[in-house]
Amino acid sequence: MAGKDAPPRWDRKMQQRLARGEAAALGELYDRFASLVHNLAHRVLGDENAADTVTREVFAHVWEHPETYDPKQGPLRSWVAAVTHRLAVQRLRDSETAALPRQGGGSPEELELKVRRASVAARADYIVHSMPAPLRAALELAYFQRRDYRQTATDLGVTEDEARRRLRLGLQLLSTAHDAGKPPGYGGAV
């Protein structure tokens, strides 16, 4: 299996294989991205069974519509994440809208706020898991272990300037989690 960050050539070949109806291609794609898809769906929905359902829906969509992926717009990974995000948010909206009359409370505005929060959380997870390992390691030390940039530099064996740079870049990437829409790196339609 190729590395996490697939080269564009792999993405184009995978799309072509899917368009030809190669079941092995779908299996390879599933092996590569199933955990990403499931984790994003679970983060949005907060429910294991619903995340399983969305995972199946995402791979069904990819199988049935491989032509909707445009390699010029970004990596296949980002497109799959965008499809996952769209389907998970739609499922959350549908389930919460259906629950409003039964719960006797809540408003469409509260529903949208809940969807927005789930969407931002899922996007932040995607960003953290997609960022380069050195940035992720610096952020994890600073956030989970409450290290400042000097301690982070020592723990990582890098200069203080490098630790500050990694923390700044990681935080800049995370700050985009509040941006509406698709996961980073994909501007195409889903």
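First, a word on scope: everything that follows refers to the structure included in this document.

What counts, and where the lines are drawn
Residues numbered from 1 in each chain as written. Predicted model: local features only at pLDDT ≥ 70, side-chain atom pairs only at ≥ 80, totals over all residues. Heavy atoms only, no water. Helix = DSSP H or I, 4+ residues; strand = E, 2+ residues; numbered from the N terminus. Salt bridge = Lys/Arg side-chain N within 4 Å of Asp/Glu carboxyl O. Expected span 1.5 Å × (residues − 1). Buried < 20%, exposed > 50% of the residue type's maximum accessible area, 1.4 Å probe, protein only. Arc of directions from axis to C-beta. Contact = heavy atoms within 4.5 Å.

Notes on the environment of alanine 23
(1) Moving on: Tracing the backbone shows alanine 23 in helix H2 (residues 23-45).
(2) Moving on: In this structure the C-alpha to C-alpha distance between alanine 23 and tryptophan 63, which are 40 residues apart in sequence, comes to 8.8 Å.

Focus: the pattern of salt bridges
(1) Moving on: Here the structure, examined in full by the defined rule, presents 9 salt bridges.
(2) Moving on: Here glutamate 22 and arginine 20 are joined by a salt bridge, their closest N and O atoms 2.7 Å apart.
(3) Moving on: Note that glutamate 57 is salt-bridged to arginine 91, the shortest N-O span being 2.6 Å. One end of the pair, glutamate 57, is in helix H3 (residues 48-64); the other, arginine 91, is in helix H4 (residues 76-103), with 34 residues separating them in the sequence.
(4) Moving on: Salt bridges sharing common partners tie together Arg17, Arg20, Glu22 and Glu28.

So, helix H6 (residues 133-144)
(1) Moving on: Compared with the 16 Å implied by 1.5 Å per residue over 12 residues, the 16 Å span of H6 between its first and last C-alpha is a close match.
(2) Moving on: Among all positions in H6, only Leu135, Ala138, Leu139 and Leu141 are buried. Projection of H6 onto a plane perpendicular to its axis shows the buried side chains occupying an angular sector of 160 degrees, all on one side.
(3) Moving on: Residues of H6 that are buried in the fold lie against helix H7 (149-156) and helix H8 (160-175).
(4) Moving on: Note on H6: the residue one or two positions beyond its end, arginine 146, has a positive phi of about 55 degrees.

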